[in-house]
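# Understanding the architecture of this molecule
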Amino acid sequence: MIIHGGAPLRGVVELSGSKNATLPIMMAAVLTDEPVVIRNVPRLRDVKTAIELLGGLGVAARWLGDHELELHARALSGHEAPYDLVKTMRASFVVLGPLLARAGRARVSTPGGCAIGARPVNLHIAGVRALGARVQMRHGYVEAHAARLIGARIWLDNPSVGATENILMAAVRARGRTVIENAAREPEVRDLARMLAAMGARIAGAGTHVIEVEGVDRLHGADHAVIPDRIEAGSLMAATVATGGDVIIRGAPAGDLEAVVAKLAEAGAEISPVADGLRIARNGPLRPIELRTLPYPGFPTDLQAQMMALLTQADGASVITETIFENRFMHAQELIRMGADIVMKGATAVVRGPSRLSGAPVMATDLRASMGLIVAGLAAENTTTVSRVYHLDRGYEALDRKLGALGARIERAADE
Ligand code: EPU
């Protein structure tokens, strides 16, 4: 992605559907032999990967419109999620729960490490074990069997999003009652629960620390619209503030963005609700802030890189602490190459600004780090080239088109 920086973003932009809500909702299609229709599906590389994964299980996928996807798991023809797919997209692992619930067996590759941290799946496995599945690890795969899952009380050591989703999808068809304690409260978990409820599941408490599920024998088809992507919203907000712009973000889910809005406002952004979204602008200098990533409703780790890029423009020392993933500062070295002043020690980074960022060739290491580099490139002088753009295509729909429409000078190099 080639960015000629310095142009303030201005105008109106429409959000896409949430990637991290869409992926588990797609996996939920496995739970019924009837078709499900999912609306507001973002056209992303990860969605393609999920379609491929589901295809391997016998789930038919059909686009009904640009963003409307029908999935139909009439009869499953397989029960395996192969390494080749799981290693490219960790969210594949949440097919374990629905497969077990529907087919009584699942063979799912373990994802292995990740650029941002170790990201183990022990809580997912402990969860399905608690529901009565026999689980073995063999040849890099989790092999799980259960003639019928049985409801249980499950305490999560930490409120893992993926583990909550996996256990939830296993529990909806288990015999009896399941209680997930210390569950993840993320809006994406809530959206999955809404989809499952539309399919006939009995769930209470999604969006709180305790989710209760009363298992049912059968789930049916459903029609569900995915929530807007709060991380895309936060990314565009960071880009707007970094460039001193003024943008209306249509569809921005204000209720899901409270921590983000609070921190951006503390840094000096002006944010106001407008019909169907938020308006964000920056008119004066930026103030330094302290920021700590936390599980929802805390500040999301998925916006930490974008905030770091933005805070290079604040007048003073900001302190960022990353508490979710142990290696999620990979973008800092690239920002330093662009002229940022960042010192890291363990999970904390001190960003001193304001720095005059100058364009440079930089390399993306993961999805959100790439977006951080785009934010920096938009604020920098001259030209920044962000390589390994396939990371961005995994999770941002038409990013170059959306930013271009807001006045950014951004283009995709032909050979990417
Ligand atoms: N963890 C464990 N054991 C487990 C599972 C998780 O120790 O069995 C730990 C992780 O290592 C991590 C913490 O728990 O330290 C939280 O991880 P979580 O399971 O909540 O993350 P995830 O479900 O793997 C989702 C998003 C991530 C996002 C995190 C945190 C999807 C598909 N992915 O991952 O999104 O960063 O929640 O909010 O929903 C992204 O979109 O770029 C992305 C990485």
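The following refers to the structure shown. If you're wondering where the values come from, they're calculated on a predicted model, not measured in any experiment. (Residues numbered from 1 in each chain as written. Predicted model: local features only at pLDDT ≥ 70, side-chain atom pairs only at ≥ 80, totals over all residues. Heavy atoms only, no water.)

### As for the overall build of the protein chain
Note the threshold: Numbering of helices and strands runs from the N terminus; a helix is a DSSP stretch of H or I covering at least four residues, while a strand is a stretch of E covering at least two. We compute the radius of gyration from the C-alpha atoms alone; for a globule the expected value is 2.2 Å times N to the 0.38, where N is the number of residues. In what follows, residue pairs with any heavy atoms lying within 4.5 Å of each other are defined as contacts. For the accessible areas, the method is Shrake-Rupley and the probe is 1.4 Å, while residue cover comes only from the protein chains on display.
Counting its regular elements, the protein chain contains 14 helices and 24 strands. A compact globule built from 416 residues should have a C-alpha radius of gyration of about 22 Å, and the protein chain, at 21 Å, falls within 12% of that. In terms of overall dimensions, the protein chain has a C-alpha envelope of 60 × 45 × 40 Å along the principal axes. Pairs at least 24 residues apart make up 73% of the contacts formed inside the protein chain by residues separated by at least 6 positions. If you sum the accessible surface of the protein chain, you get close to 15800 Å²; carbon and sulfur atoms cover 49% of it.

### Remarks on the side chain of lysine 402
Selection rule: Three labels apply to residues, based on accessible area from a 1.4 Å probe with only protein chains included: buried if under 20% of the type maximum, exposed if over 50%, partly exposed otherwise in between.
Structurally, lysine 402 is set in helix α14 (residues 399-405). Residue lysine 402 is classed as buried on the basis of its relative accessible area, which comes to 7%. The contacts of lysine 402, once residues within four sequence positions are left out, are Val13, Glu14, Leu15, Ser16, Glu232 and Glu397.

### Examining unusual backbone geometry
Looking along the chain, the bond that leaves tyrosine 296 and enters proline 297 is cis, with omega of 10°. Within the secondary structure, proline 297 is located in the loop between β18 (290-292) and α10 (304-311). Omega for the bond connecting glycine 353 with proline 354 falls within 30 degrees of zero, at 0°, which places this linkage in the cis form. Considering the arrangement of structural elements, one finds proline 354 in the loop between β21 (348-353) and β22 (361-363).

### Thoughts on the sheet that holds strand β10 (residues 153-155)
Operational definition: Strands are labelled as partners when DSSP assigns at least two bridges between them. With axes taken as lines fitted to C-alpha atoms, and helix axes fitted only over the stretch in contact, angles between N-to-C directions fall between 0 and 180 degrees.
Pairing in this open sheet of four strands is mixed, and the strands run β10-β11-β13-β12 from one edge to the other. Since the sheet does not close on itself, it has two edges, and those belong to β10 and β12 (202-204), each with one partner. Taken pair by pair, the neighbouring strands of this sheet meet at an average axis angle of 15°, ignoring direction. Sheet topology places β12 next to strand β13 (residues 210-214); three bridges connect them, and they run antiparallel. Bridge pairing in β13 links arginine 202 to glutamate 214.

### With respect to the sheet that holds strand β14 (residues 223-225)
Strand order in the open sheet formed by four strands is β4-β5-β3-β14, with mixed pairing between adjacent strands. The open sheet has two free edges, formed respectively by β4 (60-63) and β14, since each of these has just one partner strand. Each neighbouring strand pair of the sheet contributes to a mean axis angle of 20°, computed without reference to strand direction. When strand β3 (residues 35-39) meets β14, the two strands line up parallel, connected through three bridges. Looking at β14, one finds that arginine 39 is bridged to alanine 225.

### Re the environment of serine 355
In this structure, serine 355 sits in the loop between β21 and β22. Discounting residues that sit within four places of it in the chain, serine 355 has contacts with Thr312, Gln313, Gly339, Ala340 and Asp341.

### Describing the site of the ligand
Spelled out, the test is: Only a single heavy atom is needed: when it lies within 4 Å of a molecule or strand, its residue is near that molecule or strand. Throughout this description, a polar contact denotes any pair of N or O atoms lying within 3.5 Å of each other; where both atoms belong to protein, one of them has to be capable of donating a hydrogen while the other can accept it, and for residues adjacent in sequence the pair is counted only when both atoms sit in side chains.
In the vicinity of the ligand there are 20 residues, among which Asn122, Leu123, Ser160, Asp302 and Ile324 approach most closely. Between valine 161 and the ligand, the recorded distance is 2.8 Å, taken from a backbone N or O atom to an oxygen atom. The fraction of the free accessible surface of the ligand (830 Å²) that becomes covered by protein chains is 84%. Of all the secondary structure elements, the ones that give two or more residues to the shell around the ligand are α1 (19-27), α5 (122-130), α6 (161-171) and α12 (367-379).

### Section: helix α2 (residues 45-56)
The following threshold applies: To estimate how far a helix should extend, the number of its residues minus one is multiplied by 1.5 Å.
The first and last C-alpha atoms of α2 sit 17 Å apart over 12 residues, in line with the 16 Å expected at 1.5 Å per residue. Restricting attention to buried positions, one finds in α2 the residues Asp46, Val47, Thr49, Ala50, Ile51, Leu53 and Leu54. Elements that come into contact with the buried residues of α2 comprise α1, β4, β5 (69-72), β6 (80-81), α3 (83-86) and α13 (390-395).

### Describing the pairing of strand β17 (residues 277-281)
In terms of burial, β17 is largely enclosed, as four of its five residues are buried. Sheet analysis places strand β15 (residues 246-250) next to β17, joined by five bridges and oriented antiparallel. By the bridge assignment for β17, isoleucine 248 is matched with arginine 279. Looking at chain direction, strand β16 (residues 270-274) and β17 are connected through five bridges and run antiparallel. Paired with proline 273 across the strands is leucine 278, a residue of β17. Between β16 and β17, which pair antiparallel in sequence order, lie two residues; one of them, aspartate 276, sits at a positive phi of approximately 60°.

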